[in-house]
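Remarks on the overall topology
In case you want the letters, here they are:
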Amino acid sequence: VETNPDRDREQGSSETHEPDLSALYTTSGVRPQNHIRHPLKGDGTPYVPHPALHRLKQLKATLYAERATPALTLRASLRELPLESLNTKFHLIYINPPIDPRSTDPWSWDEIATLNIPAICNDQCALFLWVGTGDSTERGRKVLEQWGFRRCEEICWIKTNRYHQDKTATATSFDPDSDSGSIRSCFRHTKEHLLVGLKGNDLQRHTHSHLFHANIDVDVIVAEDLPIPNKKPVEIFEIMERFCLGRRRLSLFASQSTVRPGWVSIDDSLDATTFESEAFNAYFEHEPPKFVCSRALISATPPSMTCDSTTAATSALHDEFVGTWKEIEHLRPKSPPLRRRTKQRAKRGATARSTKPKLPHK
């Protein structure tokens, strides 16, 4: 939020008076988060982030586009479809359950927990689960744990309303039976949480870089509140595609607008069915070739694919992972190897002991 010091000086004030955004929301319906600096300039063009980060995201988007499988859909009701019938194991699962009461067919958390997610998880798998806000967040965490995932991160979507203000924000009536999404609610929830869970033994950023690239994106999304129930910002797909390098990706409770290359989308609202398990598994049947890895190879896990140039290894289309390029490995944030971190800690400890002043003997 920006203030005008010159205006305050003209008014004879020695202090900077920041606007009361809560009062502004009460009177006009404009949410306080609307005044967070938006990644778009006044003319609608996006601000360019740090050059290295901008280049990294461009490279990962290019590599993903070349390595992604075709967009596949399965028109089926998740209440009736046994997930084990998909006959495949996924590296990344995205679940956007219709927990909003305004949805056409809302689900309860007890119903969501009955989904046989463990049957379609790879041994090392990431899961993104929208849980809403309030008490629903805790219910989602329990379901995540029930499926065998360890919660490692929580992404928060802060909803703005730059283009459609809450016209009933000044309503004085309170309906105790109304939900936070109801326009007659006294208090409105303007954020949602997305849980990120990992499944697998001893998953570490510095040892499993063939599957996960962490610390590229932040854990906050500031985006417009969408009037369509259960519709989420498209940025979340870009975050997931940069994070997980597994090529088997599944989207549950999908919509036609979220059908994307590299994903298998399932819901009864989709237009058609293009998914066949045998054809899908054919993309990964061939044995992965021996890639040149810029870092130490991980035993019992496929190494990262590293190309010397910015040309994807087209001969390696039939393998499990998207892979990486040397320039991506150079730009992306990385954790130092454990041995190096141990030596650095020991060196700092020795330096601290040597520089510690000695007390005089009595």
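Figured I'd write up the structure that's included with this text. Note that the structure is a prediction, hence the values are computed from the model and not measured.

A few points about the overall build of the protein
Summing up its helical and strand segments, the protein has nine helices and 10 strands in all. Evaluated residue by residue, the protein yields a buried proportion of 41% over its 362 residues. Of the accessible surface of the protein, which amounts to about 20700 Å², a share of 52% is contributed by carbon and sulfur atoms.

Notes on the nonpolar core
Among the nonpolar cores identified, the biggest contains 35 residues, and Ile93, Ile117 and Trp147 are the most heavily contacted of them. If one sorts the elements of this core by residue count, strand β3 (residues 121–132) sits on top with five residues. Setting aside residues no more than four positions away along its own chain, isoleucine 93 makes contact with Ile117, Ile120, Cys121, Cys125, Ala126, Leu127, Phe128 and Leu250. Grouped together as the second largest cluster of nonpolar side chains are 33 residues, Leu63, Trp157, Phe212 and Met240 included.

Re the pattern of salt bridges
Tallied over the entire structure, the rule returns 16 salt bridges. Of the charged contacts, one joins arginine 151 and glutamate 154 as a salt bridge, the two residues approaching to 3.2 Å between their closest N and O atoms. For glutamate 154, a relative accessible area of 17% corresponds to the buried category. A salt bridge links glutamate 192 to lysine 232, with the nearest nitrogen and oxygen atoms 3.8 Å apart. You can see glutamate 192 sitting in strand β5 (residues 191–199) and its partner lysine 232 sitting in the loop between β6 (220–224) and α6 (235–243), a full 40 residues away along the chain. What makes glutamate 192 buried here is its relative accessible area of 15%.

Section: the pairing of β3
In terms of burial, β3 is largely enclosed, as 10 of its 12 residues are buried. In the sheet, strand β2 (residues 90–95) pairs with β3 via five bridges, with the strands oriented parallel. Among the inter-strand pairings, leucine 92 is bridged to a residue of β3, identified as alanine 126. The sheet contact formed by β3 and β5 spans seven bridges and is antiparallel. Considered in β5, the bridge of leucine 129 is made with leucine 195.

Here we look at the packing of aromatic side chains
For any pair of aromatic rings, the description rests on two quantities: the centre-to-centre distance and the angle between the ring planes. Going through the model one piece at a time under the given rule, you end up with 11 aromatic pairs. A ring pair is formed by tryptophan 130 and tryptophan 157, whose centres lie 6.1 Å apart and whose planes are at 70 degrees; its orientation type is edge-to-face. With a gap of 27 residues between them, tryptophan 130 in strand β3 and tryptophan 157 in strand β4 (residues 150–160) connect regions that are remote in the sequence. Each member of the pair, tryptophan 130 as well as tryptophan 157, carries the same accessibility label: buried. A centroid spacing of 5.7 Å and a plane angle of 55 degrees characterise the contact between phenylalanine 275 and phenylalanine 280, whose relative ring orientation is tilted.

Each value, and the rule that gives it
Starting afresh in each chain, residues are numbered from 1 along the sequence in its written order. Two thresholds apply to this predicted model, a pLDDT of at least 70 for residue-level local features and 80 or more for giving and counting side-chain atom pairs, whereas whole-chain, interface and lining totals are computed over all residues. For side-chain calculations, the full set of non-hydrogen atoms in the structure is used, while hydrogens and water are omitted. In this text, helices come from DSSP runs of H or I with a minimum length of four residues, and strands from runs of E with a minimum of two, each type numbered from the N-terminal end. Under the scheme applied here, a residue whose accessible area is under 20% of the maximum for its type counts as buried, over 50% as exposed, and between as partly exposed, the area being computed with a 1.4 Å probe on protein chains only. Each accessible area is a Shrake-Rupley estimate made with a 1.4 Å probe; only the visible protein chains count as cover when residues are assessed. Side-chain atoms within 4.5 Å are what join buried Ala, Val, Leu, Ile, Met, Phe, Trp, Tyr and Cys residues into a set we call a nonpolar core. Throughout, a contact is declared for two residues whenever any of their heavy atoms are within 4.5 Å. Put simply, a salt bridge is a Lys or Arg side-chain nitrogen that is within 4 Å of an Asp or Glu carboxyl oxygen. Whether two strands pair comes down to DSSP finding at least two bridges between them. Aromatic contacts are taken between Phe, Tyr and Trp rings whose centres are within 6.5 Å, Trp giving its six-membered ring; a plane angle under 30 degrees counts as stacked, one over 60 as edge-to-face, and the others as tilted.

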